[in-house]
Amino acid sequence: MDLSNRLAPPLTITHGANKPFAKNAAASPALPFGAKLIAETLVDVQTVLEGKPESVTAVKERGIEIAGWKIVVRKGAILNSVELDSLAPKFINLPYPEMFFGHNSLTLTHSKSNITIVLSAVDGLSKVFHENNQINKDNDKSREEDASVFKIPKVAFAEHWATKSSAAFQNEIKGVMKQYDWTYTTDYSGTINLDTAKQNFEKTNEPIDIQHLMIQEPILFYDELTLYEDELHDNGVAVLGIRVRVMASCLFILLRFFLRVDGVLFRINETRFYHRFTEPCLIREIVTREDEYSNIKLNLPKPANFGNRQPFQRGLMQTNDNTEDLSLLTDANWVSNIMANPFFGVRLPDSCNGKWIGNADEESAVDGKFKIQREKITLLN
């Protein structure tokens, strides 16, 4: 069972006193003792280009402090050309996504444990494979291990196009093209800052407490933000985004990369952070899934008269209403539920923690390609 859809709050809109329907608006839930909301403020961010201040951009910040945690969400507009130029040395040979929200981030801090976890657009994009990427070079070993499983996909008509092109032309193209992942796939699971001399993340088989998350508990703080998005030249979509939900008893954060290459594949990389405030550990679960486009399409609900085409009557135009509704294939939540994580909410076998299962394991009930890793870190009181 996947709780991605339960990250969203109930559809109850609270209006201000000077807005219509204020009398019928639901009251905000009371905060536990010691907790407080961080009101939305504007923060100026200065862009420095070649060592010189160029521009100042106002971004919004809001958050919550609860149970020793401080969560701050920062949101801004799509980066302008000056801001993109300031990041150019970091992303050599990598074209930016169509929508790059470079100021967007979520910061999770536990001061007593000296732990800070940052989920940011810049760090997420920096994990996309491209030439001269130092992060990719540092992770060559893990990348080689994953290369046999996850490869940079081609568009549905690529093989047909290749057969129509001369060998000389293809060689010429290879010499000009830069090597980068055009799908913007990232295995980013957060930027972790902590005192490794005192504590660190260690593997665990314990699950996120799904039963606790299913409790209908008032949501004290909720937000969602997009880090980057690209429509892949009308061949699909790639989106990296964050959702955060805080209740009186726990916090739950989802970092999701969603990829759809039309006619080819779906790929989802998810990182979940979960802490129940009465427990001593923060859990991080990292899940990677991939399946063929056709396999996911088979799960689309069929119309009642699907497959029973009626012939056109003379002089009458009849609409074809027995086709599948493909709009669900654009819904990351729906696709994520179809590509369900079989270990979500249950103890993880030792043989599966951090290892590939699925097509590589004929005895596995998991379709497609699948990898899961769970870690925990003990918090200091």
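For clarity, every value in this text was computed on a predicted model and none was experimentally measured. (Residues numbered from 1 in each chain as written. Predicted model: local features only at pLDDT ≥ 70, side-chain atom pairs only at ≥ 80, totals over all residues. Heavy atoms only, no water.)

**What to know about the overall build of the protein**
Secondary structure summary: the protein contains 9 helices and 15 strands in total. When each of the 381 residues of the protein is scored for burial, the buried share is 43%. Restricting to contacts in the protein with at least 6 residues of sequence separation, those with at least 24 account for 67%. Roughly 21,100 Å² of accessible area belongs to the protein as shown, and the carbon and sulfur atoms make up 52% of that amount. (Helix = DSSP H or I, 4+ residues; strand = E, 2+ residues; numbered from the N terminus. Buried < 20%, exposed > 50% of the residue type's maximum accessible area, 1.4 Å probe, protein only. Contact = heavy atoms within 4.5 Å. Areas by Shrake-Rupley, 256 points an atom, 1.4 Å probe, with all protein chains shown as cover.)

**Structural notes on the pairing of strand β11 (residues 250–261)**
Burial analysis of β11 places 12 of its 12 residues in the buried class, the great majority of the element. Here β11 shows no split at all, with C250, F252, L254, R256, F258 and R260 on one side and L251, I253, L255, F257, L259 and V261 on the other all buried. Taking the residues between adjacent antiparallel strands as the criterion, strand β10 (residues 236–247) and β11 are bridged by 2 residues. Pairing of β11 with strand β12 (residues 265–276), which is carried by 12 bridges, proceeds in the antiparallel orientation. Each residue of the ladder has a partner; that of L255, found in β12, is T271. Between β11 and β12, which pair antiparallel one after the other, the connecting turn spans 3 residues, and G263 there sits at a positive phi close to 80 degrees. (Pairing = 2+ DSSP bridges.)

**Considerations on the sheet that holds strand β7 (residues 191–193)**
The 6 strands are arranged β1-β2-β3-β5-β6-β7 in an open sheet whose pairing can be described as antiparallel. The open sheet is flanked by β1 (36–49) and β7, the only strands paired with a single partner. Across the sheet, the mean angle separating the axes of adjacent strands is 20 degrees when strand polarity is ignored. Of the pairings in the sheet, the one linking strand β6 (residues 115–120) to β7 comprises 3 bridges and is antiparallel in character. Across the sheet, residue V118 finds its bridge partner in β7, namely T191. (Axes fitted to C-alpha atoms, helices over the stretch in contact; angles between N-to-C directions.)

**Considering the packing of aromatic side chains**
Counted according to the given criterion, the structure contains 5 aromatic pairs. Ring geometry for Y96 versus F100: centroids 5.8 Å apart, planes at 20 degrees, classification stacked. Relative accessible area serves as the criterion here: at 22%, Y96 is assigned to the partly exposed category. Between F266 and Y293, the aromatic rings sit 5.4 Å apart at their centres with planes inclined by 5 degrees, giving stacked as the arrangement. Of this pair, F266 sits in strand β12 while Y293 sits in helix α8 (residues 293–297), and the two are 27 residues apart along the sequence. On the basis of relative accessible area, F266 is assigned to the buried category, the value being 0%. Aromatic ring contacts, followed pair by pair, group F258, F266 and Y293 into a single cluster. Positioned above the aromatic ring of F201 is the side chain of R284, whose terminal nitrogen or guanidinium carbon lies 4.7 Å from the ring centre. (Phe/Tyr/Trp six-rings, centres within 6.5 Å; stacked < 30°, edge-to-face > 60°. Lys NZ or Arg CZ within 6 Å of the ring centre and 35° of its normal.)

**Looking at unusual backbone geometry**
Positive phi is not limited to glycine here, since A67 has a value of about 50 degrees. Relative to the helices and strands, A67 is located in the loop between β2 (52–66) and β3 (69–75). The class of A67 is partly exposed, set by a relative accessible area of 42%. Positive phi values are uncommon outside glycine, yet H233 reaches one of about 55 degrees. Along the chain, H233 turns up in the loop between β9 (219–230) and β10. Here H233 falls in the exposed class, since its relative accessible area comes to 67%.

**Looking at the pattern of salt bridges**
In this structure the tally under the stated criterion is 13 salt bridges. One salt bridge in this structure joins D223 and R62, with 2.9 Å as the shortest N-O distance. On the criterion of sequence distance, the pair formed by D223 in strand β9 and R62 in strand β2 is long-range, its members being 161 residues apart. A relative accessible area of 7% means that D223 is categorised as buried. One salt bridge connects E224 with R243, and the closest N-O pair in it is separated by 3.7 Å. In this pair, E224 is assigned in strand β9 and R243 in strand β10, connecting sequence segments 19 residues apart. (Salt bridge = Lys/Arg side-chain N within 4 Å of Asp/Glu carboxyl O.)

**What to know about the nonpolar core**
Counting residues in hydrophobic clusters, the biggest one holds 49 residues, and the most contacted among them are F100, L106 and I253. With 6 residues, the single largest contributor to this core is β11. Excluding residues that lie within four positions of it along the chain, F100 makes contacts with I78, L79, L84, L87, A121, V122, L125, L227 and Y228. (Core = buried A, V, L, I, M, F, W, Y, C linked by side-chain atoms within 4.5 Å.)

**Regarding the side chain of H103**
Structurally, H103 can be placed in the loop between β4 (99–100) and β5 (105–110). Accessibility expressed as a relative area gives 13% for H103, which makes it buried. Within polar-contact distance, the side chain of H103 engages the side chain of E83 at 2.9 Å. Residue contacts for H103: discarding those within four places in its chain leaves V45, T57, V59, R74, G76, A77, L79 and E83. (Polar contact = N/O pair within 3.5 Å; in protein donor to acceptor, adjacent residues only side chain to side chain.)

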